[in-house]
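Chain residues, written in single-letter form:
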Amino acid sequence: MEIQTHEQRALHDSAARFLSQQCDFTRHRRQHQGTEVPFDRALWARFAEMGWLGVLVPESAGGLGYPVADALPIVEAMGAQFVTEPYQEVALASAQLLLALGDEAQRECWLPPLADGRALTLLAHAEHGARYDLRCVSTRAERVKEGYRLNGAKCALPFGDSADRWLVSARTSGAPGDAEGISLFVVEAGTAGMRFARHEGHCGEPWADMVLEGVAVPASARLGAEGSAFAAIEAAHELLIAAAGMEAVGTLQAVLESTREYAGTRRQFGKPLSSFQVIAHRLVDMFTQVELTRSLAWMAADQFGPAREASPERRRLLLSACKAQVSAACRQVGEQAVQIHGGIGMTDELALSHQVRRLLGIERRLGDRFEHLGRLAEAVSAGEAIYA
């Protein structure tokens, strides 16, 4: 299963051409040679000019108003290049949350600057110790006379300290582990009581942890009804899983192509490596994993189309099946690529080593293979049909 419509193909091809020129390995290495990776505002503005940041945003708010399935080919093209900017978290997750929970005035206020690149808007939901349980929210939002006061901590925010605003989840009632009682608040940069600690991801990309100490926000900063944001946060998380599958497809394809090229040109005992049966078999195994992942990634994308028929429960299981395969393929293809390249495959000067580290990051992000296989096992034990 591949790109299905003319619009999807056009978006993918235009993104691939642009990113191959603007986000190649040379830029990636130059960007990471410093002690701190800066957020590239100029590149982000170009993303906005191409319409990518507003791909889900309605035309009335300055976006393209495309369905989710049309946005995912852009993510696949980014996976094939060296894009560290948090495109999926902003253009997909944050945009969808503002559309789902915001009232008309809030959407008019916050969607246009997201779409035109003026405001980097990030979801701040994950917390230390929660693992992959979205209901595990300990950050509290206390009602005060002027609105709410937030106290708690969030973790693993991509370029988190560079954002212009955050969509922060916090409990207005209930205990960690409850789906009810979670609210979502828009917090602007510069608000008193916020501090960040930056650290690096697998590929040197910047992540930040956020601490909120008495952060005051007005009542108008709350998105949706109090305590009812969990369903929208879960839907945004599911969209990110589908996007991770597409990103993995782009990276896996790039790793396969570079490995195949290396095996065809590297000579051993007077013959190219690809002529040896064991290497040929490994290349075939890698190709199989890439194509299987591609099919499941598009199956996941179809769950967000207008003709989707799966119930929310079955959609979650289908996405878990996709992510389990994505995680397995990321590790298997990455390991095989390094094995075929030999010692050079882990050198910093080779693009492959950075792509493999990216695959390892995707493997763990949004739930690793064992997490999603566990969910599938529980469903099968309960007699639920996954693919029926």
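Up top is the structure these notes are about.
Scope of this entry: the structure provided in the associated data block. (Residues numbered from 1 in each chain as written. Predicted model: local features only at pLDDT ≥ 70, side-chain atom pairs only at ≥ 80, totals over all residues. Heavy atoms only, no water.)

## A closer look at the overall build of the protein
Along the protein, the regular secondary structure elements total 11 helices and 10 strands. Principal axes of the C-alpha set define a box for the protein whose edges measure 80 × 55 × 40 Å. For the protein, the proportion of its 388 residues judged to be buried stands at 53%. For the protein, contacts bridging at least 24 residues in sequence account for 74% of all contacts bridging at least 6. Carbon together with sulfur atoms contributes 52% to the accessible area of the protein, which is approximately 16600 Å² in total. Between the centroid of the 39 positive side chains of the protein and the centroid of its 48 negative side chains there is a distance of 4 Å. (Helix = DSSP H or I, 4+ residues; strand = E, 2+ residues; numbered from the N terminus. Buried < 20%, exposed > 50% of the residue type's maximum accessible area, 1.4 Å probe, protein only. Contact = heavy atoms within 4.5 Å. Areas by Shrake-Rupley, 256 points an atom, 1.4 Å probe, with all protein chains shown as cover. Lys, Arg positive; Asp, Glu negative; His and termini not counted. Charge placed at Lys NZ, Arg CZ, Asp CG, Glu CD.)

## So, the environment of Leu366
As for its placement among the helices and strands, Leu366 is situated in the loop between helix H10 (351-364) and helix H11 (369-381). Counting along the chain gives 235 residues from Leu366 to Arg131, while the straight-line C-alpha distance between them is 9.2 Å. In this structure Leu366 touches Tyr132, His237, Leu240, Ile241, Ala244, Lys323 and His372, once residues within four positions along its chain are discounted.

## Digging into the nonpolar core
Formed by 112 residues in total, the largest nonpolar core has its most connected members in Leu19 and Phe47. In terms of residues, this core owes the most to one element, helix H7 (residues 230-265), which gives 18 residues. The contacts of Leu19, once residues within four sequence positions are left out, are Asp24, Phe47, Trp52, Ala77, Met78, Gln81 and Val83. (Core = buried A, V, L, I, M, F, W, Y, C linked by side-chain atoms within 4.5 Å.)

## Things to note about the state of the cysteines
Evaluated as defined, the whole model comprises zero disulfides. Left unpaired, Cys136 is separated from the closest cysteine sulfur, that of Cys155, by 10 Å. Classification of Cys136 by relative accessible area gives partly exposed; the value is 23%. (Disulfide = S-S within 2.5 Å.)

## A short note on the pairing of strand E3 (residues 147-158)
As paired elements, strand E2 (residues 140-144) and E3 share five bridges and run antiparallel to each other. Across the sheet, Ala141 pairs through a bridge with Leu150, a residue of E3. The hairpin turn running from E2 into E3, its antiparallel successor, is two residues long. (Pairing = 2+ DSSP bridges.)

## Structural notes on the packing of helix H4 (residues 68-79) against helix H5 (residues 87-101)
Relative orientation of the contacting elements H4 and H5 amounts to 165°, with a least axis distance of 10 Å. Accordingly, the angle class assigned to the pair H4 and H5 is roughly antiparallel. Handedness of the crossing formed by H4 with H5: left-handed. Here H4 contributes Val68, Ala71, Leu72, Ile74, Val75 and Met78 to the contact with H5, which in turn contributes Tyr87, Gln88, Leu92 and Gln96. Split into classes, the residues belonging to the contact of H4 with H5 amount to eight nonpolar, two polar and no charged. (Axes fitted to C-alpha atoms, helices over the stretch in contact; angles between N-to-C directions. Parallel < 35°, antiparallel > 145°, perpendicular 65-115°, else oblique. Left-handed = near helix turned anticlockwise from the far one by under 90°. Nonpolar A, V, L, I, M, F, W, Y, C, P; charged D, E, K, R; others polar.)

## Some details on unusual backbone geometry
Although it is not a glycine, Ala156 adopts a positive phi angle of roughly 55°. Among the structural elements, Ala156 can be located in strand E3. The partly exposed category is assigned to Ala156, whose relative accessible area is 36%. Positive phi values are uncommon outside glycine, yet Phe159 reaches one of about 50°. Inspection of the secondary structure assignment puts Phe159 in the loop between E3 and strand E4 (165-171). By relative accessible area, Phe159 is classed as buried at 1%.

## Re the pairing of strand E1 (residues 121-124)
Residue alternation in E1 divides its side chains into two sets, Thr121 and Leu123 and Leu122 and Ala124, and both sets are buried. Pairing geometry for E1 and E4, over four bridges, is parallel. Across the sheet, Thr121 pairs through a bridge with Arg165, a residue of E4.

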